[in-house]
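# Notes for the structure review
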Amino acid sequence: EMDDLYGAGSMALTPALHTEELVPPDGAYLVGWRDGVVVAGGGLRRLEPGIGEIKRMYVEPGARSLGIARRLLRALEDAARRRGLGQVRLDTGPSQPHAKALYLSAGYREIPSYNGNRRAAFWGEKLLT
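Source: prediction; values computed, not measured. (Residues numbered from 1 in each chain as written. Predicted model: local features only at pLDDT ≥ 70, side-chain atom pairs only at ≥ 80, totals over all residues. Heavy atoms only, no water.)

### Concerning the overall build of the protein chain
- Counting its secondary structure elements, the protein chain contains three helices and six strands.
- Ordered by position from the N terminus, the helices and strands of the protein chain form the series α-β-β-β-α-β-α-β-β.
- Of the accessible surface of the protein chain, which amounts to about 7200 Å², a share of 54% is contributed by carbon and sulfur atoms. (Helix = DSSP H or I, 4+ residues; strand = E, 2+ residues; numbered from the N terminus. Areas by Shrake-Rupley, 256 points an atom, 1.4 Å probe, with all protein chains shown as cover.)

Given below as structure tokens:
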């Protein structure tokens, strides 16, 4: 889907994300199910002490507009709290206005680029405490 939105190979232009960053104790990867089928997923990694980053949130097209993304976002924020992170950041691209709208409605405030992602058009931050 990212290749369709931004062109083939576009993910290679985003900051690196390594699988080991998404596992406990510092990270997490959550999966959302609907009727026994995986329909969503998203990761959390620690950027620095007290600050985490939500990465690769995705909901299958057929499961969108059902509130799944909002529940996944809340679950990722809860995972951050359990890891002692009082603040989370995220980014999204210009071809994903629904993602940006979700993040703003969930209390994220726009901040300057914190990660050098050349494909992003929105960077957000939320205090969890």
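### Some thoughts on the nonpolar core
- Within the largest apolar cluster, 24 residues are counted, with the highest numbers of intra-cluster contacts made by Leu44, Ile54, Met57, Leu73, Tyr103 and Tyr108.
- Those elements giving two or more residues to this core turn out to be β2 (37-48), β3 (51-59), α2 (68-82), β4 (87-92) and α3 (97-105).
- The biggest single contributor to this core is α2, with six residues. (Core = buried A, V, L, I, M, F, W, Y, C linked by side-chain atoms within 4.5 Å. Buried < 20%, exposed > 50% of the residue type's maximum accessible area, 1.4 Å probe, protein only.)

### As for the pairing of strand β1 (residues 28-34)
- The pairing of β1 with β2 spans seven bridges and is classified as antiparallel. Bridging from a neighbouring strand, Trp33 pairs with Val38 of β2.
- Linkage of β1 to β2, two consecutive antiparallel strands, is achieved through a turn of two residues, within which Asp35 is found at a positive phi near 55°. (Pairing = 2+ DSSP bridges.)

### Describing the packing of aromatic side chains
- Applying the stated criterion to the full structure yields one aromatic pair.
- A cation over an aromatic ring shows up here: Arg89 above the ring of Tyr114, its NZ or CZ 5.5 Å from the ring centre. (Phe/Tyr/Trp six-rings, centres within 6.5 Å; stacked < 30°, edge-to-face > 60°. Lys NZ or Arg CZ within 6 Å of the ring centre and 35° of its normal.)

### Topic: the sheet that holds β4
- Spatially, β1-β2-β3-β4-β6-β5 is the arrangement adopted by the six strands of the open sheet, whose pairing is mixed. Among the strands making up the open sheet, the edge pair consists of β1 and β5 (109-110).
- Relative to strand β6 (residues 122-127), β4 runs antiparallel, the two sharing six bridges. In the strand pairing of β6, Leu90 is matched with Gly124.
- Of the strands in this sheet, β3, β4, β5 and β6 touch α3, which is tilted by about 160° from β4. (Contact = heavy atoms within 4.5 Å. Axes fitted to C-alpha atoms, helices over the stretch in contact; angles between N-to-C directions.)

### Focus: the environment of His98
- One can find His98 in helix α3.
- According to the relative accessible area criterion, His98 is exposed, its value standing at 70%.
- Residues His98 and Ser65, spaced 33 residues apart in sequence, show a C-alpha to C-alpha distance of 9.8 Å.

### Quick look at the side chain of Arg45
- Inspection of the secondary structure assignment puts Arg45 in strand β2.
- A polar atom in the side chain of Arg45 sits 3.0 Å from the side chain of Glu21.
- Contact partners of Arg45, with chain neighbours within four places excluded, come to Ala16, Leu17, Glu21, Leu22, Asp26, Gly27, Gly52, Glu53 and Lys55. (Polar contact = N/O pair within 3.5 Å; in protein donor to acceptor, adjacent residues only side chain to side chain.)

### A look at the pattern of salt bridges
- Taken as a whole and assessed by the stated rule, the structure comprises eight salt bridges.
- One salt bridge connects Arg45 with Glu53, and the closest N-O pair in it is separated by 2.8 Å. As far as the burial class goes, Arg45 and Glu53 line up, both buried.
- Across the pair Glu77 and Lys126 runs a salt bridge, and its minimum N-O distance is 3.3 Å. Separated by 49 residues along the polypeptide, Glu77 in helix α2 and Lys126 in strand β6 bring together distant segments of the chain.
- For Glu77, a relative accessible area of 4% gives the class buried.
- Shared partners join several salt bridges into a network, and the residues in it are Glu21, Arg45, Glu53 and Lys55. (Salt bridge = Lys/Arg side-chain N within 4 Å of Asp/Glu carboxyl O.)

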